Amino acid sequence: AENRVQLLRRAVTQSAGGSVATLAEVDALRGRLTVIRTALRGDGVADDRVEPRSPSIAERVGNVVEGQFEVTSGPTKTHEEQIAIASARLEKVLADLRVIVETDLKALEARFDAAGAPWTPGRWPTLGK
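Quantities reported herein were computed from a predicted structural model and do not represent experimental measurements.

**Observations concerning the side chain of histidine 79**
Topologically, histidine 79 is positioned in helix 5 (residues 77-115). Residues within four places of histidine 79 in sequence aside, it is in contact with Asn63, Val64, Gly67 and Gln68.

**Comments concerning the nonpolar core**
Val5, Val26, Leu29, Leu108 and Phe112 are the most contacted members of the largest nonpolar core, which has 17 residues in total. Elements represented by at least two residues in this core include exactly helix 1 (2-14), helix 2 (20-41) and helix 5. Top element by residues in this core is helix 5. It accounts for six residues.

**Thoughts on the environment of aspartate 96**
Among the structural elements, aspartate 96 can be located in helix 5. Residue aspartate 96 is classed as partly exposed on the basis of its relative accessible area of 32%.

**Overview of the pattern of salt bridges**
On inspection of all chains with the given rule, the structure shows nine salt bridges. Here glutamate 25 makes a salt bridge to arginine 111, at a shortest N to O gap of 2.8 Å. Taken as a pair, glutamate 25 in helix 2 and arginine 111 in helix 5 lie far apart in primary sequence, 86 residues in all. With a relative accessible area of 33%, glutamate 25 lands in the partly exposed category. The shortest N-O distance in the salt bridge between glutamate 102 and arginine 98 comes to 3.7 Å. Here glutamate 102 pairs with arginine 98, and both are found in helix 5, just four residues apart, close to one helical turn. When its relative accessible area of 45% is taken as the criterion, glutamate 102 is described as partly exposed.

What counts, and at which threshold
- Residues numbered from 1 in each chain as written.
- Predicted model: local features only at pLDDT ≥ 70, side-chain atom pairs only at ≥ 80, totals over all residues.
- Heavy atoms only, no water.
- Helix = DSSP H or I, 4+ residues; strand = E, 2+ residues; numbered from the N terminus.
- Contact = heavy atoms within 4.5 Å.
- Core = buried A, V, L, I, M, F, W, Y, C linked by side-chain atoms within 4.5 Å.
- Buried < 20%, exposed > 50% of the residue type's maximum accessible area, 1.4 Å probe, protein only.
- Salt bridge = Lys/Arg side-chain N within 4 Å of Asp/Glu carboxyl O.

Here it is, written out as structure tokens:
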């Protein structure tokens, strides 16, 4: 989805008919995807600055995997809590991503098709129209 949005952005900036409003809409969609990526993987910029932040979904799961890697006992209460938090956050992130990909991105690409914008990967070409 991030690649598709980036290519749509390039199509807007390189197209003579690209508008500032369309560019803003593409950038807003890109921002929403960045929020999702950060929730999944973490914030590298905050890490570089050694800023405190909540662990990402992947970090929570990774910590549990690392803590259980060579252990024969069951998961600790902390591990169970971390998995529960990660699961709840993942459920919300997936719901947000589904709206972006299945609704918002499709609608934006349909508008690009209707406007005759340059083709970008992820969009089905229409032949003979």
